[in-house]
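Read off the chains here:
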Amino acid sequence: MNELHRELVNVPPVKLTVENVSKTFHVRRQTVRALENVSLTVQEGEFVCLVGPSGCGKTTLLNIIAGLEQPDSGRVLADGVPVTGPGRDRMVMFQESALFPWLDVLGNVMFGLKLKPNLRHAERREVAKFYLQLVGLEKFVDANIHELSGGMKQRVALARSLAPNPSVLLMDEPFGALDALTREQLYGDIQRIWEKRRKTIVFVTHNVREAACLGDRVMLFSPRPGRIREEFRVELPRPRDINSVELAKHTAEITRALKQHLSSAAEVAE
Amino acid sequence: MKRIAAVGGFFVVLILVWEALVRFGVWSPVLVPSPLSVVQYLVRAIADGSLGQAVLVTMRRLLLGYVVGVAAGLPLGLLNARFKFFQDTLGLIALGLQTLPSICWVPLALLWFGQTEAAMLFVVIMGTLWSVLIATDTGVRHVPPIYIRAARTMGSRRLHTWTRVILPASLPFVVSGMKQGWAFAWRSLMAAEVYVTILTGFGLGHLLHYGRELHAMDQVVAVMLVIIAIGLLADKALFSPWERFLHQRWGTAK
Ligand SMILES: Nc1ncnc2c1ncn2[C@@H]1O[C@H](COP(=O)(O)OP(=O)(O)OP(=O)(O)O)[C@@H](O)[C@H]1O
Ligand SMILES: [Mg+2]
């Protein structure tokens, strides 16, 4: 699509392009084909969810988009520029907690801001506090990390990745370890923040319902080799309620497809 | 409050019993000085400045050697963790030398440097260096890679990552290594001072040594008490704040 065409049909520009990315790991004479020929485009401001069973390469793909790992073949473009390493425009929220225990909550959120040039210290504090407020933790600015609950930790991690104002947010099962109630709260939070800040989000999960609740699009992965099998569009008004009947329909449809792909993948493996 | 009173009472009774045992001739004052004579010695030695002078000499050696040992041990530990070559060479040497009680360096130090400050410094440095080096190395190896990845996505690179992520993340190890280094340095310095006369300054160890030579048991016991006091004080002043910080931040049990 050229620029003119874009203007005419009012399609937002492409933010991320994943082109034929493959990645193989070699561990003790075994080879794991974590990703095979994965292609994906994400538009600016889009919320894309990657769903698939454990070990199908979701984290690997996210790491490659983040620039933390290099693909064996294929490439990733961010704003049309090939990704060669990590960049502040693409922030990651990791599967396990990656908060720094030697810093307090504010220190953690400030970490990325301190690396941003042209900001005065007072401004950085201001920004950090703004994002802590956004995730509802303004009262815990001075808290130590180990004093927070699991849900609060993920909120801090969210604030930390939002603070440097990246255009892309890569989230790897950020709510995986949380109880259902806390998760529901966070679904609300993340939708609210996404509406407000208009980020491009790639969100990894193995929870189909979660994916349908959050995503504009849900990409279905199948394992060994990791591939994108199918794509679903979820066109429901926001904010979406994880317990709504409409959502359940989408969830059922995607789950059915997922099971089908899994059983056919199992046949291939045999 | 009750606890403090009980503890205070215990020590008062202990000293009184000690005094009584000496006074009634159960213990010979030639072998065990009375608490009173120990206090009298302390007052005298403080008044004539000999104790203060000895403490000064010893602390100067200790602190100087310790600072040098830490200043060398930290970067060498980082190099060790970073480069395989250093790990295979220096790492091996460090592992071997750490098992060597640092008092064993004294004969060598005397031959190299003579009966000088340099010899004392050398012994203190050897006591500190290897512990700090190995602890730093171990600490860096235990840093979860996820911290480094997270820092990289936030724009941290090379030197920044080393000073702002890897070093603080390995702090629990580094601090315990520094504490061990301090203990080794302190013990080996005392041993060296008792063992050899250094012409450039009389430290606490010498005071202890001459106490024995002169059969002045009050002096021997008094100097021992001073050495204990310095050890405790150093622990409180140097390491307690760090350990408190670590406990607080990492949430490790006391
Ligand atoms: N650094 C690595 N070294 C070797 N193998 C790896 C490495 N990282 C991933 N793999 C392998 O690649 C495959 C995909 O891993 P990945 O972590 O991307 O899965 P995932 O979809 O994120 O799974 P989960 O839902 O459990 O997090 C797995 O089989 C895994 O064993
Ligand atoms: Mg994963």
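Here, every reference points to the structure presented above.
Conventions used here
Residues numbered from 1 in each chain as written. Chains lettered and ligands numbered in written order. Predicted model: local features only at pLDDT ≥ 70, side-chain atom pairs only at ≥ 80, totals over all residues. Heavy atoms only, no water. Disulfide = S-S within 2.5 Å. Near = heavy atom within 4 Å. Polar contact = N/O pair within 3.5 Å; in protein donor to acceptor, adjacent residues only side chain to side chain. Areas by Shrake-Rupley, 256 points an atom, 1.4 Å probe, with all protein chains shown as cover. Helix = DSSP H or I, 4+ residues; strand = E, 2+ residues; numbered from the N terminus. Nonpolar A, V, L, I, M, F, W, Y, C, P; charged D, E, K, R; others polar. Donors = N, O, S within 2.8 Å, 3.2 Å for Na, K, Ca; no water. Buried < 20%, exposed > 50% of the residue type's maximum accessible area, 1.4 Å probe, protein only. Pairing = 2+ DSSP bridges. Contact = heavy atoms within 4.5 Å. Axes fitted to C-alpha atoms, helices over the stretch in contact; angles between N-to-C directions.

Draft legend 1. Quick peek at the state of the cysteines. Scanning all chains against the criterion turns up 0 disulfides over all chains. In this structure C56(A) is not part of a disulfide, and its nearest cysteine sulfur, from C49(A), lies 13 Å away.

Draft legend 2. Representation of the site of ligand 1 in the model. All names here are of chain A. Lining the immediate environment of ligand 1, one finds 15 residues, of which S54, G55, K58, T59 and T60 sit closest. Here an oxygen atom of ligand 1 and a side-chain polar atom of S54 are 2.4 Å apart. Coverage of ligand 1 by the protein chains reaches 68% of its 630 Å² of free accessible surface. The element that contributes the greatest number of residues to the shell around ligand 1 is helix α2 (residues 58–66), accounting for 3 residues. Partitioning the shell around ligand 1 into residue classes produces 5 nonpolar, 7 polar and 3 charged.

Draft legend 3. Up close: the coordination of the magnesium ion (ligand 2). Residue and element names in this part refer to chain A. Around the magnesium ion (ligand 2), the protein contributes the donor atoms T59 (OG1) and Q95 (OE1), at 1.8 to 2.5 Å from the metal centre. Note that T59 is positioned in helix α2 and Q95 in the loop between β6 (90–93) and α3 (105–114), a separation of 36 residues in sequence. Among the residues examined, T59 registers a relative accessible area of 27% and is labelled partly exposed.

Draft legend 4. View of the sheet that holds strand β2 (residues 30–43) of chain A. Residues and elements named next belong to chain A. The strand order across the open sheet built from 4 strands is β2-β1-β4-β5, with neighbouring strands paired in antiparallel fashion. If you trace the sheet from one side to the other, it starts and ends with β2 and β5 (81–82), each paired once. Here strand β1 (residues 14–27) runs beside strand β4 (residues 73–78); their pairing, made up of 5 bridges, is antiparallel. Paired with L16 across the bridge in β4 is A78. The sheet contacts of α2 involve β1, β2 and β4, and relative to β1 the element is tilted by about 120°.

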